[in-house]
Number of protein chains: 6
Amino acid sequence: MIYITRRERFNAAHRLFREDFSDEKNLEIFGKCSNPNWHGHNYELFVTVKGEINKQTGFLVNLKRLSKIIRENIILKLDHKNINLEVEFMKDKLASTENLAVGIWQELEPHIKALGADLHCVKVTESENNFVEYFGD
Amino acid sequence: MIYITRRERFNAAHRLFREDFSDEKNLEIFGKCSNPNWHGHNYELFVTVKGEINKQTGFLVNLKRLSKIIRENIILKLDHKNINLEVEFMKDKLASTENLAVGIWQELEPHIKALGADLHCVKVTESENNFVEYFGD
Amino acid sequence: MIYITRRERFNAAHRLFREDFSDEKNLEIFGKCSNPNWHGHNYELFVTVKGEINKQTGFLVNLKRLSKIIRENIILKLDHKNINLEVEFMKDKLASTENLAVGIWQELEPHIKALGADLHCVKVTESENNFVEYFGD
Amino acid sequence: MIYITRRERFNAAHRLFREDFSDEKNLEIFGKCSNPNWHGHNYELFVTVKGEINKQTGFLVNLKRLSKIIRENIILKLDHKNINLEVEFMKDKLASTENLAVGIWQELEPHIKALGADLHCVKVTESENNFVEYFGD
Amino acid sequence: MIYITRRERFNAAHRLFREDFSDEKNLEIFGKCSNPNWHGHNYELFVTVKGEINKQTGFLVNLKRLSKIIRENIILKLDHKNINLEVEFMKDKLASTENLAVGIWQELEPHIKALGADLHCVKVTESENNFVEYFGD
Amino acid sequence: MIYITRRERFNAAHRLFREDFSDEKNLEIFGKCSNPNWHGHNYELFVTVKGEINKQTGFLVNLKRLSKIIRENIILKLDHKNINLEVEFMKDKLASTENLAVGIWQELEPHIKALGADLHCVKVTESENNFVEYFGD
């Protein structure tokens, strides 16, 4: 069993808030992240897949293909977007890094399976001081 | 003459566009950065000041005070904000990294003078692949 | 189950030595790290907590509160301190990165529990080439 | 149980290809990595070992000795070398990062045992966007 | 006058040697960098251009176009290549980082002029410990 | 004219204070950096030299020799030392990063001249947020 990780990046706007909260309550719970005018981040996404090394190629998976899957299914949907307004798989969810990691896992998993490997970890870095990891359960 | 640099960070949303351009023209000129729903970045700001070492303290400037000046005059205005909508010193300017660097210089310069040093460079990093430097003329 | 990591930093002096060893023996075992005049590091501390995402907030824990807990219980005690002389929870222990990681775990664990999450990992980086991880048993 | 990681680095040339494939097939499978004139990387190697803290020293292992083991058994064989042509433990294997990680594990494991610790993970970083981890089975 | 820097990356093999030197002399002068079987690096290239901010766009130059120029004129020729054998603009030159920086400058300068800006600096990073800067004279 | 930079690192303890100040005054001026029990840092040192490329070697200077000069004349004196107590060239000076950069310049300059190049810049990084540059006058 070997683990390989691919990093991709996206820049997006978001806001942490609940529609059923007042602005005051949103500010109290989410602080400056609740700014109604949005703010944003340079997110880093680390996708780790696991499986056996293919004897023919020496690869677990072809990294070009892994990168293409992540770009087509995740980066295209998130990069230079507003996470709250424009990302189908985040609809009706709080735009937290935690929910983002889970959402990315759900989007990616069938495509990783089709590559012949298992998704092991989705890690999302929101800043140099914070990151979230999700292992699928 | 010695040079000292302080790094501070801010996370903000922005959009590159001109009101006098159509959406199509904005997309043509500014690409995905023109997204009307905004996107955002983790910006890094490097402020370099220069001057003589103070014999009494061994310092060019007190870094705590330099940091406080940058935070109060720049970071407070930009962090978790929308650069196009909420930043007084960027009003009526394109929210490009170039204009941001010049704007930050203009905001900071009098305060650095008051510290007893000269502002040498404002560097703004928008992503790991792009940064802008402004030296004041 | 989701994992979230917060990074905090501290700068401290320390020395590796045993009082019951001669200077020669300390030098032999601990090398230049045994310097009686101390040396120091910029330490990085990564605290990983795990648990369920709170449906109300989209958070595992409020990062502001996690950061506050780490700063009040760990950083305040270590930053700009001498680990051998001034840190209560390192008293009578060798000031190694290993013991530091275990000591930080013991200090933090009850506070993380009170936040409603489980402490998963304490990682302490002593230099760009060395780090220690402790998972609590 | 505590985990300690040491980073070492090596710069090497390699090529991904199979002798039983035509140049066209190699290009199709391995892309530009199959260039017959070689290319190369600044590899980073992270070796994680685990075990109990030695009460006498406060160490899991002496990092100087761990570093020496990695340098003598791995870095000396790989640094400024051609992985396909000059590295005994990679002979007759595809020079992929996956196979490199497994090969390094096999070379290192007996030496780590002799240090009184267990090898936990070999991580090889090929670029800022790709890395492989191997945990030994 | 504003300065903007774009980072691009390439992975390449090279060797430091002179054909008119014996292997022994090459080893003496160039050390392990003279290995006849090649070695390689992950190079980072930072291209800094300078000029006036365009009032219409808020840009010094369009970064997409700057990136495209660097990729087409430099990265395409160097990435996954052997610098000694395959790079036209390095022909008959020692494949040192110094010569690489000068060669890249010469290749890029006319294209930067055509963009409406001036090339200010070519910086080539060979490892985390070494880099070369060339300012054009 | 080409510029080449070599990075070296050292870990040291220090304290900012004046003997002619009371503890209270030292605390007021130097803050927690005045702690009488010391604290410390992982310092990074970037030495930039400039000159002409040697046609015979393709080098400005041999990096091995540049590294050796920095290690013998600077790192050996600073690494795992107490800057206030043990570093001859910092004697009777405040152990600030500013004074450190100037002191390193004075120590290094004759050795760089002897290498056939000119010292251009000494940059000392005290933390990820602060660095000092000195250009020799």
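To be clear, the structure that these remarks concern was listed above.
Residues numbered from 1 in each chain as written. Chains lettered and ligands numbered in written order. Predicted model: local features only at pLDDT ≥ 70, side-chain atom pairs only at ≥ 80, totals over all residues. Heavy atoms only, no water.

1. A short note on the overall build of chain A
For step 1, the next point in the chain: Secondary structure assignment for chain A yields 4 helices and 5 strands.
For step 2, the next point in the chain: If you list the helices and strands of chain A from N to C, you get β-α-β-α-β-α-α-β-β.
For step 3, the next point in the chain: Dimensions of chain A along its principal axes, counting C-alpha atoms only, are 60 × 25 × 25 Å.
For step 4, the next point in the chain: Looking at chain A as a whole, 61% of its 137 residues are labelled buried.
For step 5, the next point in the chain: Residue pairs in contact within chain A that sit at least 24 positions apart in sequence constitute 67% of those at least 6 positions apart.
For step 6, the next point in the chain: As presented, chain A carries roughly 5900 Å² of accessible surface, and 47% of it is formed by carbon and sulfur atoms. (Helix = DSSP H or I, 4+ residues; strand = E, 2+ residues; numbered from the N terminus. Buried < 20%, exposed > 50% of the residue type's maximum accessible area, 1.4 Å probe, protein only. Contact = heavy atoms within 4.5 Å. Areas by Shrake-Rupley, 256 points an atom, 1.4 Å probe, with all protein chains shown as cover.)

2. Re the packing of helix α2 (residues 63-78) of chain D against helix α4 (residues 97-115) of chain D
For any two helices packed against each other, the geometry is given by the interaxial angle and the distance between the axes.
Residue and element names in this part refer to chain D.
For step 1, the next point in the chain: Running from N to C, α2 and α4 point in directions that differ by 145°, and their axes come no closer than 10 Å. Here α2 and α4 pass one another in a crossing that is right-handed. Each of Arg-65, Leu-66, Ile-69, Ile-70, Asn-73, Ile-74, Lys-77 and Leu-78 in α2 lies in contact with α4, whose residues at this interface are Leu-100, Ile-104, Glu-107, Leu-108, His-111, Ile-112 and Leu-115.
For step 2, the next point in the chain: Partitioning the contact of α2 with α4 into residue classes produces 10 nonpolar, 2 polar and 3 charged. (Axes fitted to C-alpha atoms, helices over the stretch in contact; angles between N-to-C directions. Left-handed = near helix turned anticlockwise from the far one by under 90°. Nonpolar A, V, L, I, M, F, W, Y, C, P; charged D, E, K, R; others polar.)

3. Description of the interface of chain A and chain B
For step 1, the next point in the chain: Taken together, the contacts link 25 residues of chain A with 25 residues of chain B.
For step 2, the next point in the chain: For the pair chain A and chain B, the two sides together bury roughly 2000 Å², of which 42% comes from carbon and sulfur.
For step 3, the next point in the chain: The largest per-residue losses of area from chain A upon contact with chain B belong to Asn-37, Asn-42 and His-80 of chain A, which jointly make up 29% of the total buried on that side.
For step 4, the next point in the chain: At the boundary of chain A with chain B, the tally comes to 6 salt bridges. (Buried area = accessible area lost by both parts, 1.4 Å probe. Salt bridge = Lys/Arg side-chain N within 4 Å of Asp/Glu carboxyl O.)

4. Comments concerning the environment of Ile-29 of chain C
For step 1, the next point in the chain: Mapped onto the elements, Ile-29 of chain C comes out in helix α1 (residues 23-30).
For step 2, the next point in the chain: The exposure class assigned to Ile-29 of chain C is partly exposed, which follows from its relative accessible area of 22%.
For step 3, the next point in the chain: In this structure the C-alpha to C-alpha distance between Ile-29 of chain C and Leu-16 of chain C, which are 13 residues apart in sequence, comes to 9.1 Å.
For step 4, the next point in the chain: In this structure, Ile-29 of chain C is in contact with Phe-21 of chain C together with Thr-57, Phe-59 and Asn-62 of chain D, ignoring residues within four places of it in sequence.

5. Re the packing of aromatic side chains
For step 1, the next point in the chain: Here the structure, examined in full by the defined rule, presents 24 aromatic pairs over all chains.
For step 2, the next point in the chain: Ring centres of Phe-10 of chain A and Tyr-43 of chain A lie 4.9 Å apart, and the angle between their planes is 15°; on these two criteria the pair is classed as stacked. Taken together, the residues Phe-10 of chain A in strand β1 (residues 2-14) and Tyr-43 of chain A in strand β2 (residues 39-51) connect sequence positions 33 residues apart. The same class applies to Phe-10 of chain A and to Tyr-43 of chain A, which are both buried.
For step 3, the next point in the chain: Here Trp-105 of chain E and Tyr-134 of chain E contribute two aromatic rings whose centre-to-centre distance is 5.5 Å and whose plane-to-plane angle is 80°, an arrangement assigned as edge-to-face. (Phe/Tyr/Trp six-rings, centres within 6.5 Å; stacked < 30°, edge-to-face > 60°.)

6. Concerning the pattern of salt bridges
Residues and elements named next belong to chain B.
For step 1, the next point in the chain: If you walk through the whole model with that rule in mind, you get 66 salt bridges over all chains.
For step 2, the next point in the chain: Arg-7 is the partner of Glu-44 in a salt bridge, and the nearest nitrogen-oxygen pair spans 2.5 Å. Of this pair, Glu-44 sits in strand β2 (residues 39-51) while Arg-7 sits in strand β1 (residues 2-14), placing them 37 residues apart in sequence.
For step 3, the next point in the chain: For Arg-7, a relative accessible area of 6% translates into the label buried.

7. Observations concerning the arrangement of the chains
For step 1, the next point in the chain: For chain B and chain C, which are not in contact, the least C-alpha distance works out to 14 Å.
For step 2, the next point in the chain: Chain F makes no contact with chain D, the minimum C-alpha separation between the two being 14 Å.

8. Some words on the relation of the copies chain A and chain B
For step 1, the next point in the chain: With an RMSD of 0.0 Å, the operation that places chain A on chain B is a rotation of 180° combined with a shift of 0.0 Å along the axis. Look at the turn and shift together and you get a two-fold axis relating the two. (Least-squares fit on C-alpha atoms with pLDDT ≥ 70 in both.)

By themselves these figures say nothing about function.
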